[in-house]
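Report on the structure
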Amino acid sequence: MSGTWTLPDDLEVPIRPDFFPAPGGDLPQHWSKCFGCGDDQPTGIAMRFTAAEGIEVAGRLTVESRYQGGPGVIHGGILTTAFDETQGIACMVLGSPVVTGHLQIDFARPIPLGSVLEFRARIDGTIRRKVYTSAEARIVEGPAASDEVVATSRGLFLRIKPEHFTPMAEFVDGVPTMPSFGNSTL
Ligand SMILES: CC(C)(COP(=O)(O)OP(=O)(O)OC[C@H]1O[C@@H](n2cnc3c(N)ncnc32)[C@H](O)[C@@H]1OP(=O)(O)O)[C@@H](O)C(=O)NCCC(=O)NCCS
Ligand SMILES: CCCCCCCCCCCC(=O)O
């Protein structure tokens, strides 16, 4: 893992809220048109997520041929998208919306096409509006499957007010839906 990410030492670590599903329970998409998790975005990667232990979340991605970068392996930008989405979904334990402010990925091993990746993410801590998150990916199905971590991510998310997206309303295509979650909707 890269040494360029330093957590502040005065972070608060959230506890699992009552509204969060039990481990294994489904988490909602954050936005139906989202490239990462939307079910109304046919060209997206349509990741699905479940709650895991504590404040952790889990998501899976099958590496399709259309996600290809250097021959035979996942494109780094697609892997980054999957981390971005997973770490954003991990922020759902806060019950209020966030956006990505900074994201950094370590690509530790090549990830062949056809692999099924499992992502695990959690909030490491919050301070003011800043939400520090981390995640790792493993290949859980396919010829390269093992317990080894193949990529890691560190991400800073910022809590925002729902009005953050109001100026963007004119750019939204169709009528997307945002499931209510916790005490907040986007
Ligand atoms: C992220 C964003 C909301 C932050 O703007 P803002 O609300 O005005 O936040 P501020 O500039 O007041 O920063 C708040 C805190 O976050 C920190 N911060 C903001 N962006 C940061 C970044 N990219 N890297 C590190 N720290 C950052 C600030 O230093 C500040 O820290 P402090 O509390 O210790 O003082 C804004 O830059 C933005 O909208 N970016 C685009 C986000 C986006 O579209 N992401 C992709 C889709 S989700
Ligand atoms: C209760 C609301 C929960 C909001 C979760 C937001 C997830 C944001 C993921 C952002 C990914 C991106 O657009 O770059």
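Here the structure is a predicted model, which means the values were calculated and not measured. Just so you know, the residues in each chain are numbered from 1, in the order the chain's sequence is written. The naming scheme follows written order: chains are lettered A onward, ligands numbered 1 onward. Per-residue local features of the predicted model are confined to residues with pLDDT of at least 70, and side-chain atom pairs are confined, for both listing and counting, to 80 or more; whole-chain, interface and lining totals are unaffected and use all residues. Only hydrogens and water are set aside; all other atoms, that is, all heavy atoms of the structure, feed into the side-chain values.

This brings us to the site of ligand 2. Surveying the vicinity of ligand 2 reveals the residues His30, Asp84, Glu85, Gly88, Met92, Pro97, Val98 and Thr100. The term polar contact refers here to a pair of N or O atoms within 3.5 Å; inside protein, the definition further demands a hydrogen-donor-capable atom paired with an acceptor-capable atom, and it admits residues adjacent in sequence only when both atoms are side-chain atoms. With respect to ligand 2, the side chain of Asp84 contributes an N or O atom lying 2.6 Å from an oxygen atom. Side-chain polar atom of Thr100 to an oxygen atom of ligand 2: 3.4 Å apart, as the coordinates give it. Computed with the Shrake-Rupley method and a 1.4 Å probe, the accessible areas treat only the protein chains shown as cover for residues. For ligand 2, whose unbound accessible area comes to 440 Å², protein coverage reaches 84%. Helix and strand assignments come from DSSP, with helices taken as H or I runs of at least 4 residues and strands as E runs of at least 2, each series counted from the N terminus. Where the shell around ligand 2 is concerned, the elements lending two or more residues are helix H1 (76-90) and strand S4 (98-107). Throughout, near means a residue has at least one heavy atom within 4 Å of the molecule or strand.

With that out of the way, let us pick up H1. Under the 1.5 Å per step criterion, the end-to-end length of H1 is 21 Å for 15 residues, consistent within 8% with the ideal 21 Å. Here H1 has its buried residues at Ile78, Leu79, Ala82, Phe83, Glu85, Thr86, Gln87, Gly88, Ile89 and Ala90. The length a helix should cover is 1.5 Å for every residue beyond the first. Here the term buried applies to any residue with accessible area under 20% of the maximum for its type, exposed to any over 50%, and partly exposed to those in between, with areas from a 1.4 Å probe on protein chains only.

Let us now look at the UniProt feature "domain: Thioesterase" (unreviewed entry) in the protein. UniProt positions are given in the numbering used here, feature names are shortened, and annotations may be inferred rather than shown by experiment. Taking the numbering used here, the UniProt-annotated feature "domain: Thioesterase" (unreviewed entry) corresponds to residues 72-141. The annotated region residues 72-141 carries 21% helix and 49% strand content, and the separation between its end C-alpha atoms amounts to 16 Å.

The next subject is a nonpolar patch on the surface. Exposure above 30% relative accessible area and the absence of a salt bridge qualify a residue for a patch, where like charges join within 9 Å and nonpolar side chains (Val, Leu, Ile, Met, Phe, Trp, Tyr) within 5 Å. When a carboxyl oxygen of Asp or Glu is within 4 Å of a side-chain nitrogen of Lys or Arg, the pair counts as a salt bridge. Taken together, Phe165, Met168 and Phe171 make up a surface patch of nonpolar side chains, about 320 Å² in accessible area. Secondary-structure assignment places Phe165 in the segment after strand S7 (149-159).

Ligand 1 sits among Val99, Thr100, Gly101, His102, Arg128, Arg129, Lys130, Leu156, Leu158 and His164. One of the side-chain nitrogen or oxygen atoms of Arg128 is found 2.8 Å away from an oxygen atom of ligand 1. In this structure, Arg129 approaches ligand 1 through a side-chain N or O atom, which is 2.6 Å from an oxygen atom. With the chains in place, 43% of the 940 Å² that ligand 1 exposes on its own is no longer accessible. Among the secondary structure elements, those contributing two or more residues to the shell around ligand 1 are S4 and S7. Considering only residue class, the shell around ligand 1 consists of three nonpolar, four polar and three charged. All amino acids are sorted into three groups, where Ala, Val, Leu, Ile, Met, Phe, Trp, Tyr, Cys and Pro are nonpolar, Asp, Glu, Lys and Arg are charged, and the leftover types, Gly among them, are polar.

If you walk across this open sheet you meet the seven strands as S1-S2-S3-S5-S6-S7-S4, and the pairing is antiparallel. The open sheet terminates on both sides in strands that have one partner only, identified here as strand S1 (26-27) and S4. Here, a strand pair is defined by DSSP locating no fewer than two bridges between the strands.

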